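Chain by chain, the residues run as shown.
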Amino acid sequence: MKAAVIQGPGNIKVEDVPDPQIHEPSDAIVAVTHAAICGSDLWAYQGTAPRKPGQRMGHEFIGVVEEVGREVAAVRPGDRVIAPFVWSDGSCEFCAVGLHTSCEQGGFWGVPGADGGQGEAVRVPFADGTLVRIPAGAHEPLDRALLTLCDVMGTGHHAAVAAGVRPGDTVAVVGDGAVGLCGVLAARRLGAERVVLMGRHPQRTALGLRFGATDIVPERGEEAIARLRELLSGKGASAVIEAVGTWESLHTAISVARPGAAVGFVGAPHGVGGKVDIRQLFDKNVSLRGGIAPVRAYIPQLLPDVLDGKLDPSPVFDLPIRLADTPIGYAAMQERHALKALIRV
């Protein structure tokens, strides 16, 4: 079969790789219909996150079950399914409390020895605990929105939940990438009255306004902090979503949080090190919560709203491509010509 692999920084290729096979009785084989390129995939593309030559790429995909092991009961061949960006057994003590990303037997797509989502098919370990069946009757126009539940919409929702967004809140969202934009949707879904999107890319912030942002702050650094405080009468935001992962974005998020607020951080940390000012958190009683989003726990909560048309994150996909053009998608996202690439397999 064909799959996207990385051969080095800036070097993504679509190559022939072995077809996936059932290894364990709890496995399933899923034929991928739609996949995506994530902003976090760009860290490998840039060489920031190390990868071995030939390692598979991609962790967001939906598809059709082709084959199941003898112990699989929750899905059958022919079922359309959503795959979270982490596989999990669904039965350990962490899965039981909704923390599937800490599953004792879990793992990430694309690690050495595992299939990646940007390919024609994927072996799914622990299919019963991992896959979520798409109800019959969910038609193709919904597929883009369903694909966001693999990662970006669930991650934006995790940030909003971690930040403790409540009805009537004023929320600041730091970052105008796909996760930040989904954070705007999540905050509004949870009842936020005002959402300030902190981003500087006009096409993205325009989408943020479409998703429900009420204000845009295009400045960065100390100027952005001052501008947001001016907008909010000097008090800061009652909840903050951090969706970038740099020291500057974390500093901004903590600085714009009002006393007693929480920062939900979901941007994959890079270059942060020990730079977070704990005293700043301490002095304002600001909580820092979040981390890798357990999207498997959130899919059943978000899926009904997507199916009913109440939640539509699909506009984050602005570059539709075929699997063979996956390298073009990486280059377009790296050069900021595209927000998020959708791969039709």
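Residues numbered from 1 in each chain as written. Predicted model: local features only at pLDDT ≥ 70, side-chain atom pairs only at ≥ 80, totals over all residues. Heavy atoms only, no water.

Trainee: I'd like to hear about helix 8 (residues 221–231), residue by residue, with values.
Mentor: Taken residue by residue, helix 8 has G221, A224, I225, L228 and L231 as its buried positions. Within helix 8, the buried residues cover an arc of 125 degrees as seen down the axis, which keeps them to one side. Opposite the packed face of helix 8, turned more than 90 degrees from it, sit the exposed residues E222, E223 and E230. In this structure, the buried residues of helix 8 make contact with strand 11 (170–174), strand 12 (194–198), strand 13 (215–217), strand 14 (237–242) and helix 9 (247–256). Of the residues flanking the end of helix 8, it is S233, one or two places downstream, whose phi is positive at about 55 degrees. (Buried < 20%, exposed > 50% of the residue type's maximum accessible area, 1.4 Å probe, protein only. Helix = DSSP H or I, 4+ residues; strand = E, 2+ residues; numbered from the N terminus. Arc of directions from axis to C-beta. Contact = heavy atoms within 4.5 Å.)

Trainee: An account of the pattern of salt bridges is needed here, citing residue identities and associated values.
Mentor: Pairing of side chains with opposite charge becomes possible as their charged atoms draw close. Applying the stated rule across the entire model yields eleven salt bridges. The closest approach of N and O atoms between R220 and E248, which form a salt bridge, is 3.0 Å. Note that R220 is positioned in the loop between strand 13 and helix 8 and E248 in helix 9, a separation of 28 residues in sequence. Put simply, R279 and D283 hold a salt bridge, and the shortest N to O gap is 2.9 Å. Linking R279 with D283, this pair stays in helix 10 (residues 278–284), spanning four residues, or about one helical turn. Exposure remark for R279: the relative accessible area of 54% places this residue in the exposed category. Taking the relative accessible area as the measure of exposure, D283 reaches 49% and is therefore partly exposed. (Salt bridge = Lys/Arg side-chain N within 4 Å of Asp/Glu carboxyl O.)

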